[in-house]
Amino acid sequence: MFGVILGTGVGGGIVVNGRLLQGPNAITGEWGHNPLPWPAVISGIDERPGPKCYCGREGCIETFLSGPGLAGDHERATRRTMDAAEIIKRASAHHGDAKATLDRYEGRLARALASVINLLDPDVIVLGGGLSSIERLYQSVPELWQTWVFSDRADTLLKRNEHGPASGVRGAAWLWQVNEITG
Ligand SMILES: [Zn+2]
């Protein structure tokens, strides 16, 4: 499975047969600072080169898919400043501009996850972090990623985490415990 955090930042992790994959650079699944795949002009705004990222590059996935990334996109499109929570609230109340921002967000999330599916072909992708509470993602994103996944049909499941907003902390605590026990 590929676990994704969509929150203040964007991160990921890969679990195979119940074990977290780790590599020599301790960055397995660190996908937020790869470039947004298949960039295009969306709603009249070019995704290239994309917003500046704190890592020094431009157009990282995180600059589009984090909470501040969502708010920044809304501001570029509407010239109005509001945080991600407000945009999500307005979108569910059918405000047109906020819905359009979430449409762009879903399209980008679908592209970013399609590139993960092409590489890993996980059984399931689990979303965590504050933005994982956006209910419509679980319906729309698997429809949208069909365009970008290389196979004729993508059956990958997209699921919401089962342990709520603190799942990341829970996971960290669990790993700490495992490390303590196994040395
Ligand atoms: Zn970056």
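This one's a predicted model, so the numbers in the text were calculated from it and none came from an experiment.

**Side note on the coordination of the zinc ion**
Every protein donor of the zinc ion is listed here as His 33 (ND1), Cys 53 (SG), Cys 55 (SG) and Cys 60 (SG), and their distances to the metal cover 2.1 to 2.3 Å. Seen from the zinc ion, its 4 donor atoms lie at angles of 102 to 117°, and the figure they make is tetrahedral. Look at where the donors of the zinc ion fall in the sequence and you get H-x19-C-x1-C-x4-C. Of this pair, His 33 sits in the loop between β3 (19–20) and β4 (41–42) while Cys 55 is found in the loop between β5 (45–46) and α1 (61–65), placing the two residues 22 residues apart along the sequence.

**Let's talk about helix α5 (residues 137–144)**
Every buried residue of α5 is accounted for by Leu 137, Tyr 138, Ser 140, Val 141 and Pro 142. Where α5 is buried, its residues contact α4 (96–120), β6 (124–128) and β7 (157–160).

**A closer look at the packing of helix α2 (residues 67–78) against helix α3 (residues 84–92)**
Running from N to C, α2 and α3 point in directions that differ by 65°, and their axes come no closer than 8 Å. Contacts between α2 and α3 involve Gly 67, Leu 70, Ala 71 and His 74 from the first element and Ala 84, Ile 87 and Ile 88 from the second.

**A few points about the environment of Leu 102**
As for its position among the elements, Leu 102 is in helix α4. The buried category is assigned to Leu 102, whose relative accessible area is 3%. Sequence separation between Leu 102 and Ile 88 is 14 residues, and the spatial gap between their C-alpha atoms is 7.6 Å. When residues no more than four places from it in sequence are discounted, the contact partners of Leu 102 are Leu 70, Ala 91, Ile 134 and Arg 136.

**Quick look at the sheet that holds strand β2 (residues 10–16)**
Read from one edge to the other, the open sheet built from 5 strands follows the order β3-β2-β1-β6-β7, with strand pairing classed as mixed. Lying at the two open borders of the sheet, with one neighbouring strand each, are β3 and β7. Most of the contacts of α4 go to strand β1 (residues 2–6), to which it runs at about 155°, and overall it touches β1, β2, β6 and β7.

**Description of the packing of α3 against α4**
Packing of α3 against α4 leaves a shortest axis separation of 7 Å and a crossing angle of 110°. Relative to α4, the element α3 is oriented roughly perpendicular. Along this stretch, α3 crosses α4, giving a crossing that reads as left-handed. Together, Ile 87, Arg 90 and Ala 91 of α3 and Ala 98, Lys 99, Thr 101 and Leu 102 of α4 make up the contact between the two elements. Looking at side-chain class alone, the contact of α3 with α4 contains 4 nonpolar, 1 polar and 2 charged residues.

**Examining the packing of aromatic side chains**
Here the distance between the centres and the angle between the planes together describe a pair of aromatic rings. For the structure shown, the criterion picks out 2 aromatic pairs. Ring centres of Phe 2 and Trp 31 lie 5.6 Å apart, and the angle between their planes is 80°; on these two criteria the pair is classed as edge-to-face. Pair noted here: Phe 2 is in strand β1 and Trp 31 is in the loop between β3 and β4, with a separation of 29 residues, a long-range link. Residue classification places Phe 2 among the buried positions, given a relative accessible area of 2%.

**Observations regarding the pattern of salt bridges**
The tally for this structure, following the rule as stated, stands at 14 salt bridges. Put simply, Glu 86 and Lys 89 hold a salt bridge, and the shortest N to O gap is 3.8 Å. Highlighted residues: Glu 86 and Lys 89, both in helix α3, separated by 3 residues, approximately one helical turn. Residue classification places Glu 86 among the partly exposed positions, given a relative accessible area of 25%. Residue Lys 89 is classed as exposed on the basis of its relative accessible area of 56%. A single network of salt bridges, built from pairs that share partners, joins Glu 47, Asp 73, Arg 76, Arg 104, Arg 108 and Arg 111.

The rules behind each value
- Residues numbered from 1 in each chain as written.
- Predicted model: local features only at pLDDT ≥ 70, side-chain atom pairs only at ≥ 80, totals over all residues.
- Heavy atoms only, no water.
- Donors = N, O, S within 2.8 Å, 3.2 Å for Na, K, Ca; no water.
- Tetrahedral: all angles 85-135°; square planar, octahedral: opposite > 155°, others 65-115°.
- Helix = DSSP H or I, 4+ residues; strand = E, 2+ residues; numbered from the N terminus.
- Buried < 20%, exposed > 50% of the residue type's maximum accessible area, 1.4 Å probe, protein only.
- Contact = heavy atoms within 4.5 Å.
- Axes fitted to C-alpha atoms, helices over the stretch in contact; angles between N-to-C directions.
- Pairing = 2+ DSSP bridges.
- Parallel < 35°, antiparallel > 145°, perpendicular 65-115°, else oblique.
- Left-handed = near helix turned anticlockwise from the far one by under 90°.
- Nonpolar A, V, L, I, M, F, W, Y, C, P; charged D, E, K, R; others polar.
- Phe/Tyr/Trp six-rings, centres within 6.5 Å; stacked < 30°, edge-to-face > 60°.
- Salt bridge = Lys/Arg side-chain N within 4 Å of Asp/Glu carboxyl O.

Remember, this is a structural readout, not a statement about activity or role.
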